[in-house]
Amino acid sequence: MTPGQTSDAGQSGEAGGAGEAADAGEAGRAARQSGGPARAGEAGNPGEAGSTAGGSRDAGEAAVAAGKSGTAGAAGSAGKPGKKEVRRLERVIIRFAGDSGDGMQLTGDRFTSETASFGNDLSTLPNFPAEIRAPAGTLPGVSSFQLHFADHDILTPGDAPNVLVAMNPAALKANIGDVPRGGEVIVNTDEFAKRSMAKVGYDSDPLEDGSLDGYRVHRVPLTTLTVEALKDFGLTRKEAERSKNMFALGLLSWMYHRPTEGTENFLRRKFAKKPQIAEANVAAFRAGWNFGETTEDFAVSYEVAPAASAFPAGTYRNISGNLALSYGLIAAAHQAGLPLFLGSYPITPASDILHELSKHKNFGVRTFQAEDEIAGIGAALGAAFGGSLAVTTTSGPGVALKSETIGLAVSLELPLLIVDIQRGGPSTGLPTKTEQADLLQAMYGRNGEAPVPIVAPSTPADCFDAALEAARIALAYRTPVFLLSDGYLANGSEPWRIPDTDDLPDVSVAFATGPNHTLADGTEVFWPYKRDPETLARPWAVPGTPGLEHRIGGIEKQDGTGNISYDPANHDFMVRTRQAKVDGIDVPEVHVDDPDGEARLLVLGWGSTYGPITAAVRRLRRDGERIAQAHLRHLNPLPANLGEVLKRYDKVVIPEMNLGQLATLVRARYLVDAHSHTQINGMPFKAEQLAAALKQAMHTTHSAHTTQSAHAARTTQPADTAGAAQASRTARTSQAAARPHQAKEAIDG
């Protein structure tokens, strides 16, 4: 197992509470618009808990006492004067950050689940180290989880957190630069010892030297308060300290009026075999809630109403991209009436699909964890030959190892889904960071002419539909299909409307059952490469079917019979036929979002850039700018109307998390001067930065258009139409030559 492949344990290795590691893979509850526990604005005098909240120590004692009394929110429930202020917000961005053993992924995941159940729209961005357990207290060991939730439709995890929860000096130093001035910072003061601060390069205590004066800093001894809250549970101090993430979760749940019942039930289920640990975590969670209620340091709590208008009617749940993709594969197999087989080798960030599908044997799913990437896809291709909906999952390094077998699948013309959850490269690269740099590998990364269709989801929830679409193409056209997701989609989450099974597409396929060709002498035979005239798909014959014995393999086949053939003309015909089959796949036309039809600039995207691009376009339109947007799901073949769409605009900008791979394909295919805006830092685009780059590109386009029109007007005389035409052509040619330089200044500058 390579270093990039060991990091799957890095997610599940996050400490989730006292005495045991957390599982960061739990996600989702059916979304319902339900209220939380007793809210701060409805509470009575915080002092009713038994202490005047004059400081963290006193408030902590009050919180512990209140937590022992029953449920979160018990403090100050008498309804007397002394209510805390409650402010209504439209949206909030919170980032939990700490050591990779502090349980930040679990903390963020639980806050997300309760936010989904409350009915907010949301988007998340987990960010964790690649190492199983990075050195404690170091910058490389910082793990964070960002959540953006709102009372309206949102598209991204947010550019910058309004609230940062920093569990140690490393977390503070790694993340404070992203927090805007005036933002709230909650700091675990117990961890700010001289040694831990020196380890990350702090020469002085940032809590005392004035460097945080521009922020609203809340100094909370999280570790001390957690240990105090759990002193009656008979735990060692080290075991008790592990629950400090639950204390922090309780505090943030109070601040934003999140429901608590779901988290308490989750903790009791998770630690069902260790009831003492379960109740300790629940107590820490309640103590955090009641600390917020009793301390004077948190004088305000916040409400973010459910996003009722953002969602069509239906039943919703929070879902991550990998989970949605897993469900999509199960649904595709069900709709096709086929067993689902996954042949895979663990690799970040694709392993969660293997983990999830292994839980669903009751749906006819069979999972095989192979000894390496080559064995995984070999088994999957064998399952396809045997009549299963076959899948193999991997990331970029694994695709390189699977390339020969993908080429074999092209030659065999069997349905096979290759799920590539892209990550930073090359080689093992950045295992836990996101990138879109496998497009050209998926397109051309095989020997010979071996065309493969490519489908790319745009959001975590869209991974479900993309899986169904990839299966449709594979089954209907008898071809391997690439499904290109990435780490941002795989680990991120958003609300997902659970579809009605009656609304799912029919992707059923008929196997060959008898002879399909008659020879000149009248003999009926089975030809494995006799094609459907509409799809050019060859028949799919399950091995063992009487009379349908046939030969397939990697050596070139004779058209129709499938016999081995070295004939030059036959090879030319088979190569062109396989290409024509992919080129002829029925894909929807690309939709262009251009409200008034007067935009001069088109932003073209694919995959996970959908959220940041759409958010940036919305910002520009709010500022009165005219800008068009189109997003591609099908990358091979491209939509039939894409060329016509591209030529309608003066400039096309393609944001990508690579060095311009789609732009390269678009320029070559359509001879359009498409400009790249690229980013390959392992993180998704920020909407604000993208909006600024697009605005500059728009103004460059507008300025060029104005200059061109003025020049044409000066050089055109009414009686000399030929001269006018020549002047116009000259102006256009001159302007076209200048565009690459202008694009560099506008987009990359």
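What counts and what doesn't
Residues numbered from 1 in each chain as written. Predicted model: local features only at pLDDT ≥ 70, side-chain atom pairs only at ≥ 80, totals over all residues. Heavy atoms only, no water. Helix = DSSP H or I, 4+ residues; strand = E, 2+ residues; numbered from the N terminus. Buried < 20%, exposed > 50% of the residue type's maximum accessible area, 1.4 Å probe, protein only. Polar contact = N/O pair within 3.5 Å; in protein donor to acceptor, adjacent residues only side chain to side chain. Contact = heavy atoms within 4.5 Å. Phe/Tyr/Trp six-rings, centres within 6.5 Å; stacked < 30°, edge-to-face > 60°. Lys NZ or Arg CZ within 6 Å of the ring centre and 35° of its normal. Salt bridge = Lys/Arg side-chain N within 4 Å of Asp/Glu carboxyl O.

**Overview of the side chain of Ser493**
Thinking step 1. Mapping Ser493 onto the fold places it in strand β19 (residues 493-497).
Thinking step 2. The class of Ser493 is buried, set by a relative accessible area of 6%.
Thinking step 3. Polar side-chain contacts of Ser493 include one of 3.4 Å to the side chain of Asn318.
Thinking step 4. Apart from the residues lying within four places of it in its own chain, the contact partners of Ser493 are Thr112, Leu122, Ser123, Thr124, Asn318, Ile319, Ser320 and Pro460.

**Section: the packing of aromatic side chains**
Thinking step 1. Evaluation of the coordinates by the stated rule reveals 10 aromatic pairs.
Thinking step 2. Here Phe111 and Phe149 contribute two aromatic rings whose centre-to-centre distance is 5.8 Å and whose plane-to-plane angle is 55°, an arrangement assigned as tilted. One end of the pair, Phe111, is in helix α4 (residues 104-118); the other, Phe149, is in strand β7 (residues 142-150), with 38 residues separating them in the sequence. For the pair Phe111 and Phe149, one class covers both residues: buried.
Thinking step 3. With 6.0 Å between their ring centres and 90° between their planes, Phe149 and Tyr256 make a pair best called edge-to-face. Of this pair, Phe149 sits in strand β7 while Tyr256 sits in the loop between α9 (244-255) and α10 (261-270), placing them 107 residues apart in sequence.
Thinking step 4. On the basis of relative accessibility, which here comes to 0%, the residue Phe149 falls in the buried class.
Thinking step 5. An aromatic cluster of three or more residues is present, and its members are Phe96, Phe111, Phe149, Tyr256 and Tyr302.
Thinking step 6. Positioned above the aromatic ring of Phe266 is the side chain of Arg110, whose terminal nitrogen or guanidinium carbon lies 4.4 Å from the ring centre.
Thinking step 7. Taking NZ or CZ as reference, Arg538 lies 5.1 Å from the ring centre of Tyr529, over its face.

**Quick word on the pattern of salt bridges**
Once their charged atoms are close, side chains differing in charge can pair, the charge on each being opposite to the other.
Thinking step 1. Counting across every chain of the model gives 25 salt bridges.
Thinking step 2. For Glu644, the salt bridge identified is with Arg648, shortest N-O distance 2.9 Å.
Thinking step 3. Overall, the relative accessible area of 45% leaves Glu644 in the partly exposed class.
Thinking step 4. Classification of Arg648 by relative accessible area gives partly exposed; the value is 44%.
Thinking step 5. In this structure, a network of salt bridges that share partners links the residues Glu264, Arg268, Glu279 and Arg286.

From the geometry alone we can't say anything about function, so treat these as descriptive.
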